Structure formats: structure tokens, C-alpha cells
Amino acid sequence: EAGVAQSPRYKIIEKRQSVAFWCNPISGHATLYWYQQILGQGPKLLIQFQNNGVVDDSQLPKDRFSAERLKGVDSTLKIQPAKLEDSAVYLCASSLNRGGQETQYFGPGTRLLVL
Amino acid sequence: AQTVTQSQPEMSVQEAETVTLSCTYDTSESDYYLFWYKQPPSRQMILVIRQEAYKQQNATENRFSVNFQKAAKSFSLKISDSQLGDAAMYFCAYRSAVRASGTYKYIFGTGTRLKVLA
């Protein structure tokens, strides 16, 4: 079974530029999560999808961050314009709703550096 | 709102020894799960062990076990016979009760960096 795929793995941009990250979840996983992990901190949920609908985006800075999951499979997270404080690892995770046995599977992450 | 606290930023253990990582949480929910995840340097996060809140028996997975104290809202991870490959960041995570959407919310602690000394 293929894992969660993310690209690119690394990205360096200047502040005020835009950037996009891509995530391909495990096949059949209905729930997809985007997390922001700042160095030295735990992952913070940015947005959660159930199929192609948004379940939770309460911590997404909507003035600069956007995300979509048009066909309920792949997802894209965009930052426009980027700020220095957006430097972090962006983790994508997916899960197959199985009640108590649900497990999140994480991708390798995209490491973003904003200069 | 639920919170997860890991008060040990860094821990060290000698190879083959035992180490315990601490985690406390706060919630008003009765139906939840707790997890420990491992994140090796520059590698992806993987699940180590999970605990169901309504089960009194502590979960174990080979060398990994938990001490779940529900009343105290404490969830510690014990690693026995530590190996060099155990060196990583360890995150404690809380999973909420199921929401109306049929999904769950996960909240992570700030992590504990475990060093294993040869």
C-alpha cells in the first residue's frame, strides 16, 4: 500500500511570494489533514477535509492560506503572500474512518523556508 | 477546549535502559483516544501506540507501554530496552470524540526529544 505522498519536499521563497504544496493521500482515505509544524513545536491543524468538504478550518489564516480538495482525493495548500513566520514543515495526513481503529498516516512533509 | 502538555523538552537514556516520557492532557469529554507518535530526524511521523479512554488496561506494543491515569489525565510512555533507533521526537496526541461530521480532531503536544546514548 502506497503511503501519503507530498511534494515538493523542500521549498525556499522570498517573503511576499506565493507557494503551493501538493498532497496525495492513501487510496480510499476519506479524511485529509494539513498541519503546520514550526520548529520545536507539535503539529497544528490548519484544515481538515472529509472527502471534498471542509470539516475544520478554524486555525487556517484565511487571509493568506487556502486549500482545496476538488475531487476528494488530492489536495493543494497555498500560501499567498508568504511571511517569514510561515517557515515550517507542512504535514499532510490521511485517515480511513474506522471509528475507534482510525489511524492517521502522515506524509514526509514539505519544509518551507521564507527569506 | 482540549490541551496536551509535554513538560520534558528533551530526555536522554542509555542504550538498553528504560525511559519514561510524560504527557498530561485536559478535556471534558469522556470518549477519546490518546496516542504516542514518533518522528525521527527528517523522517515522517509514525504511530507508536494508542490508548482508548474507556479501557482501564494499559496498552503495550513490544518494548513500548503506557501508563494511563484517567482521573489524573496523565498518559506516559515507557520505552524498555532502549535502542539507538528509538532516538526521535515523541509527540503525545489527543483524539476527540467523534464529531457530527463523523470525523475526529487531533491535538498534539509540543514533543519530547529523546536521545539514546551508546
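Numbering of residues starts from 1 in each chain and follows the order in which that chain's sequence is written. Both sets of labels track the order of writing: A upward for chains, 1 upward for ligands. The model is predicted, so local features are restricted to residues of pLDDT at least 70 and side-chain atom pairs to those at 80 or more, both for listing and for counting; the totals for chains, interfaces and linings are taken over all residues. Only hydrogens and water are set aside when side-chain values are computed; all heavy atoms of the structure are taken into account.

**Student:** Sorry if this is basic, but what is going on with the overall build of chain B here?
**Tutor:** Each helix and strand in chain B was counted, giving zero helices and twelve strands. Starting at the N terminus and ending at the C terminus, chain B contains elements arranged as β-β-β-β-β-β-β-β-β-β-β-β. C-alpha atoms define the radius of gyration in this analysis, and the globule rule sets the expected value at 2.2 Å times the number of residues to the power 0.38. Taking 118 residues into account, the globule formula puts the C-alpha radius of gyration at 13 Å, and chain B, at 14 Å, falls close to it. In terms of overall dimensions, chain B has C-alpha extents of about 50 × 30 × 25 Å along its principal axes. Among the 118 residues that make up chain B, the fraction classed as buried is 47%. Helix and strand labels come from DSSP, where a helix needs a run of H or I of at least four residues and a strand needs a run of E of at least two; each type is numbered from the N terminus. Note on exposure labels: buried denotes an accessible area under 20% of the residue type's maximum, exposed denotes more than 50%, and partly exposed covers the range between, all computed with a 1.4 Å probe on protein chains only.

**Student:** Explain the overall build of chain A to me, please; I cannot follow it from the model alone.
**Tutor:** A tally of regular secondary structure across chain A gives zero helices and eleven strands. Taken over C-alpha atoms, the radius of gyration comes to 14 Å for chain A, in line with the 13 Å a tight globule of 115 residues would show. Projecting the C-alpha coordinates of chain A onto the three principal axes gives extents of approximately 40 × 25 × 25 Å. For chain A, with 115 residues in total, the buried portion stands at 46%. In what follows, a contact means two residues having at least one pair of non-hydrogen atoms within 4.5 Å. A sequence separation of at least 24 residues applies to 53% of the contacts in chain A between residues at least 6 apart. Accessible surface area values rest on a Shrake-Rupley calculation with a 1.4 Å probe, where residue burial reflects the displayed protein chains alone. Total accessible area computed for chain A in this model is approximately 5,600 Å², and 49% of it derives from carbon and sulfur atoms. Positive: Lys, Arg. Negative: Asp, Glu. His and the chain ends are not part of the count. For the purpose of locating charges, the reference atoms are NZ of Lys, CZ of Arg, CG of Asp and CD of Glu. Taken together, the 13 basic and 10 acidic charged side chains of chain A have centroids lying 4 Å from each other.

**Student:** Got a minute to help me understand the state of the cysteines in this structure?
**Tutor:** What we call a disulfide is simply a covalent bond connecting the sulfur atoms of a pair of cysteines. By definition, disulfides here are pairs of cysteine sulfur atoms that lie within 2.5 Å. What the rule picks out here adds up to two disulfides over all chains. Bridging Cys23 of chain A to Cys92 of chain A, the disulfide has an S-S length of 1.9 Å. On the S-S bond that ties Cys23 of chain A to Cys92 of chain A, the torsion sits near -70 degrees, and the link is left-handed. Of this pair, Cys23 of chain A sits in strand β3 (residues 19–24) while Cys92 of chain A sits in strand β9 (residues 88–95), and the two are 69 residues apart along the sequence. The residue that forms a disulfide with Cys23 of chain B is Cys92 of chain B, at a sulfur-sulfur distance of 2.0 Å.

**Student:** Can you help me understand the nonpolar core in this one?
**Tutor:** Across soluble globular proteins, nonpolar side chains show a tendency to be buried alongside one another. Counting residues in hydrophobic clusters, the biggest one holds 26 residues, and the most contacted among them are Tyr25, Trp36, Phe75, Leu77 and Tyr90 of chain B. Every element with two or more residues in this core is listed here: β3 (19–21), β5 (33–39), β6 (46–52), β8 (64–69), β9 (74–79), β10 (88–95) and β12 (112–117) of chain B. At four residues, the largest contribution of residues to this core is made by β10 of chain B. Remark: nonpolar core denotes a set of buried residues (Ala, Val, Leu, Ile, Met, Phe, Trp, Tyr, Cys) joined through side-chain atoms within 4.5 Å. Ranked by size, the runner-up nonpolar core spans 21 residues in total, among them Ile13, Ile47, Ala82 and Ala88 of chain A.

**Student:** Explain the packing of aromatic side chains here, please?
**Tutor:** The relation between two aromatic rings is expressed through the spacing of the ring centres and the mutual angle of the planes. Two aromatic rings from Phe, Tyr or Trp, using only the six-membered ring of Trp, form a pair when their centres are within 6.5 Å; if the ring planes differ by under 30 degrees the pair is stacked, by over 60 it is edge-to-face, and anything between is tilted. Going through the model one piece at a time under the given rule, you end up with 17 aromatic pairs over all chains. Measuring from centroid to centroid gives 5.8 Å for Phe35 of chain B and Tyr106 of chain B, while their planes differ by 45 degrees, and the two rings are tilted. Pair noted here: Phe35 of chain B is in strand β5 and Tyr106 of chain B is in strand β11 (residues 106–108), with a separation of 71 residues, a long-range link. Every member of this aromatic cluster is reached through a ring pair, and the members are Tyr33, Tyr35 and Phe106 of chain A together with Tyr33, Phe35, Tyr37, Tyr106 and Phe108 of chain B. Criterion for a charge above a ring: Arg CZ or Lys NZ at most 6 Å from the ring centre, at most 35 degrees from the ring normal. The aromatic ring of Tyr33 of chain B is capped on one face by Arg95 of chain B, whose charged end is 4.3 Å from the ring centroid. Directly above the ring of Tyr104 of chain B sits Arg95 of chain B, whose terminal nitrogen or CZ lies 3.6 Å from the centroid.

**Student:** Can you walk me through the side chain of Ser76 of chain B in this structure?
**Tutor:** Among the structural elements, Ser76 of chain B can be located in strand β9. Residues in contact with Ser76 of chain B, not counting those within four places in the same chain, are Thr20, Leu21, Ser22, Trp36, Ser65, Val66 and Asn67 of chain B.

**Student:** Sorry, what's going on with the sheet that holds strand β8 (residues 75–79) of chain A here?
**Tutor:** Sheet strands pair via backbone hydrogen bonds, and the direction of the pair is either parallel or antiparallel. Residue and element names in this part refer to chain A. Strand pairing is defined by DSSP finding a minimum of two bridges between the two strands. Read across the sheet, four strands follow the order β1-β3-β8-β7 without closing on themselves; strand pairing throughout is antiparallel. Lying at the two open borders of the sheet, with one neighbouring strand each, are β1 (5–7) and β7 (65–68). For this sheet the average axis-to-axis angle between neighbouring strands, irrespective of direction, equals 15 degrees. Pairing of β7 with β8 involves four bridges; the strand directions are antiparallel. If you follow Ser66 over to β8, its bridge partner there is Lys78. Orientation is described by lines fitted to C-alpha atoms, with helices fitted over the stretch in contact, and by angles between N-to-C directions that extend from 0 to 180 degrees.

As far as function goes, none of this settles anything; it's purely spatial.
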